[in-house]
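# Report on the structure
Chain by chain, the residues:
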Amino acid sequence: MESARNTLLRLKSEGRKIIGCFPLYPPLELLHSMGLVPVVLWGLSDGVRATPDADGRIQNYACSVARRLAQFVMAEGKDLLDGLFFYNACDTLRNLPEILLEGVAESGAAPLPMFRMHVPMTPPAQADSSEYLRNEVRNLIASLEKHSGLEFSEERFARSAELYSSMRNLCRLLEAAVAERRLGFADFCETLSSANFLPVEDQIALLKSRLASLPPDPAPKNFAGRVIVSGILPPPLAVCRLMDQAGLLVAGNDVASLFRSYAVAPSDWKDAADYYVRFYQGHFPCTTLLNLAERRMEAVMALALEKGADGFVFVGEKFCEYEYFEIPDMENLLRKNGLATLAIEISLDDEDNVEAYRTRMEAFSEVLLERNRPKKPEGVRS
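Heads up: these notes are all about the structure in this document.

Procedures and definitions
All residue numbers refer to positions counted from 1 along the written sequence of the respective chain. Side-chain atom pairs in this predicted model are given and counted only at pLDDT of 80 or more, local residue features only at pLDDT of at least 70, and totals for whole chains, interfaces and linings cover all residues. Here the side-chain values reflect all heavy atoms present in the structure, with hydrogen atoms and water set aside. Within 6.5 Å between ring centres, the rings of Phe, Tyr and Trp (the latter by its six-membered ring) count as paired, and their orientation is classed by plane angle as stacked under 30 degrees, edge-to-face over 60, tilted in between. Only protein chains enter the area calculation, which uses a 1.4 Å probe; residues under 20% of their type maximum are buried, those over 50% are exposed, and those in between are partly exposed. Each helix is a run of H or I in the DSSP string that is no shorter than four residues. Each strand is a run of E no shorter than two, and both are numbered from the N terminus. The definition of a right-handed crossover adopted here requires that, viewed with the strands pointing away, the path from the first strand over the helix to the second runs clockwise. Any two strands between which DSSP finds at least two bridges are classified as paired. Contacts were defined at the residue level, with two residues in contact if any of their heavy atoms lie within 4.5 Å. Here a cavity means grid points, on a 1 Å grid over the protein atoms only, where a 1.4 Å probe fits yet cannot get out; a pocket means an open set of points with protein on both sides within 12 Å along at least five of seven lines; lining residues are those with an atom within 4 Å of a point. Grid points are joined across faces, edges and corners, and a volume is the space filled by probe spheres set on the points. Asp, Glu, Lys and Arg are counted as charged, while Ala, Val, Leu, Ile, Met, Phe, Trp, Tyr, Cys and Pro are counted as nonpolar; the rest, among them Gly, fall into the polar class. Each axis is a line fitted through C-alpha atoms, taken for helices only over the stretch in contact, and angles between the N-to-C directions span 0 to 180 degrees. When describing relative orientation, an angle under 35 degrees is termed roughly parallel and one over 145 degrees roughly antiparallel, while 65 to 115 degrees is termed roughly perpendicular and anything else oblique. Left-handed describes a crossing whose near helix is turned anticlockwise from the far helix by less than a right angle; the clockwise case is right-handed.

As a further point, take the packing of aromatic side chains. For the structure on display, the rule yields 17 aromatic pairs. Ring geometry for Phe-85 versus Tyr-87: centroids 6.5 Å apart, planes at 65 degrees, classification edge-to-face. You'll find Phe-85 and Tyr-87 in the same group, each marked buried. An aromatic cluster of three or more residues is present, and its members are Phe-85, Tyr-87, Phe-152, Phe-157, Trp-269, Tyr-275, Tyr-276, Phe-279 and Tyr-280.

Going residue by residue along strand S1 (residues 18-21), you find Ile-18 and Gly-20 tucked away on one face and Ile-19 and Cys-21 tucked away on the opposite face as well. Note that the unit made of S1, helix H2 (residues 28-33) and strand S2 (residues 37-40) has a crossover that is right-handed. With 3 bridges connecting them, S1 and strand S3 (residues 83-87) associate as parallel partners. Across the sheet, Gly-20 pairs through a bridge with Leu-84, a residue of S3.

Take the environment of Thr-122 next. Relative to the helices and strands, Thr-122 resides in the loop between strand S4 (114-117) and helix H7 (130-148). Put simply, Thr-122 and Leu-290 are 168 residues apart on the chain and 7.4 Å apart in space, counted from C-alpha to C-alpha. Excluding its chain neighbours within four sequence positions, the residues that come into contact with Thr-122 are Ala-127 and Asn-291.

In total, this model carries 3 cavities of 30 Å³ or more according to the counting rule given. Here the largest cavity is characterised by a volume of approximately 60 Å³. Split into classes, the residues belonging to the lining of the largest cavity amount to 6 nonpolar, 4 polar and no charged.

Following both chains from N to C, one finds helix H11 (residues 237-245) and helix H16 (residues 355-372) inclined at 30 degrees, their axes separated by 9 Å at the closest point. Relative to H16, H11 is oriented roughly parallel. Handedness of the H11/H16 crossing: right-handed. Here H11 contributes Val-239, Leu-242, Met-243 and Gln-245 to the contact with H16, which in turn contributes Tyr-357, Arg-358 and Met-361. For the contact of H11 with H16, the residue count by class is 5 nonpolar, 1 polar and 1 charged.

Before going further, it helps to examine the sheet that holds strand S6 (residues 248-255). As summarised here, the arrangement of the 4 strands in space is S6-S5-S7-S8, forming an open sheet in which the pairing is parallel. Since the sheet does not close on itself, it has two edges, and those belong to S6 and strand S8 (340-346), each with one partner. Each strand of the sheet is rotated relative to its neighbour by a mean of 25 degrees, with strand direction disregarded. Two elements, strand S5 (residues 225-231) and strand S7 (residues 311-317), share 4 bridges in a ladder whose sense is parallel. Bridge assignment links Val-227 to a residue of S7, and that residue is Gly-311.

Orientation of helix H8 (residues 154-179) relative to helix H9 (residues 185-195), taken along the N-to-C sense of each, is 165 degrees, at an axis distance of 9 Å. Judged on the interaxial angle alone, H9 and H8 are roughly antiparallel. Where H8 crosses over H9, the handedness of that crossing is right-handed. Contacts from Cys-171, Leu-174, Glu-175 and Val-178 of H8 reach H9 at Phe-185, Phe-188, Thr-191 and Leu-192. A per-class count over the contact of H8 with H9 returns 6 nonpolar, 1 polar and 1 charged.

Here we come to the sheet that holds S2. Strand order in the open sheet made by the 4 strands is S2-S1-S3-S4, with parallel pairing throughout. The open sheet has two edge strands, S2 and S4, and neither has a second partner. When strand polarity is set aside, the average angle formed by the axes of neighbouring strands in this sheet is 25 degrees. When S3 meets S4, the two strands line up parallel, connected through 4 bridges. Residue pairing for S4: Phe-86 is matched across the bridge by Arg-116.

Listed below in structure tokens is the structure:
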């Protein structure tokens, strides 16, 4: 498994055309069907350790996702990317395109082609925006055709959709292996983070290989409790390892760049435009998709019950307002339903200083152990 930068350098040397995507849920199938390698520019911590170019244009109270993404595009986009795609996600990301255009221009490089689409954020109960979204998809297809000189094909799109469906299913199988104690959560996160920067065909090969390498039997039962991990990004790998060491068994996750990305996808559709109406309206609820916000609480609670979770670990991306707005109500709901909760915060400078989290993980593990300890009948002495 390579770093993001090395992966993209290798793909460029092979003549692949790479399009960097800002938001978490771009139309991957469509971009792939047009001969592009779509890469979601999240999880760049291994290659972007400092953000000097981004800091000159973005406030330091923006999240690390935006700052690293901007740094990567301005410093290396001209060499590694053939274009950028974005839709209206959070407030920070939706304002980046113009900033990046100026940053790239100041470096003397030619501007990167930019493709955009507007995803309606109106709740379905309030208004039906399906036709608007269909038109947005058709306009995006026309822009891609004009830029690439390649005519869009519904047949190619269907093949791409089938590949991404296979990839998402493999992600779910690998996640299940974590709950079965056949794979550590740290290894799971590392594998999926590496897969993110690969063409979907290579993602499938990597995930199949990882699944084939797993032991058939679970590790001995030495965990303190079953937890759901939530957040925009997975915890840094060092924090994931602390969770494994503390005996926190990750029975499932509600991480935006993990489970929310592969949880569901349309199983049938009429054409590409219809596919994305179903994709965005039926997506697992995420704080970056405001049209689905009302379903978040119910969906997360249902996930926790389905996985038999004892606890919930929220890994906050510092300055991510969308996530932080919901967490107080989420914690109250989870506690009312008998789950213990732990909230930690990760910022741009925290990923190398994780020992502070060890005590909190171990203390949370002890809470779950005590909750799960068999209760002695009344009148029985220790």
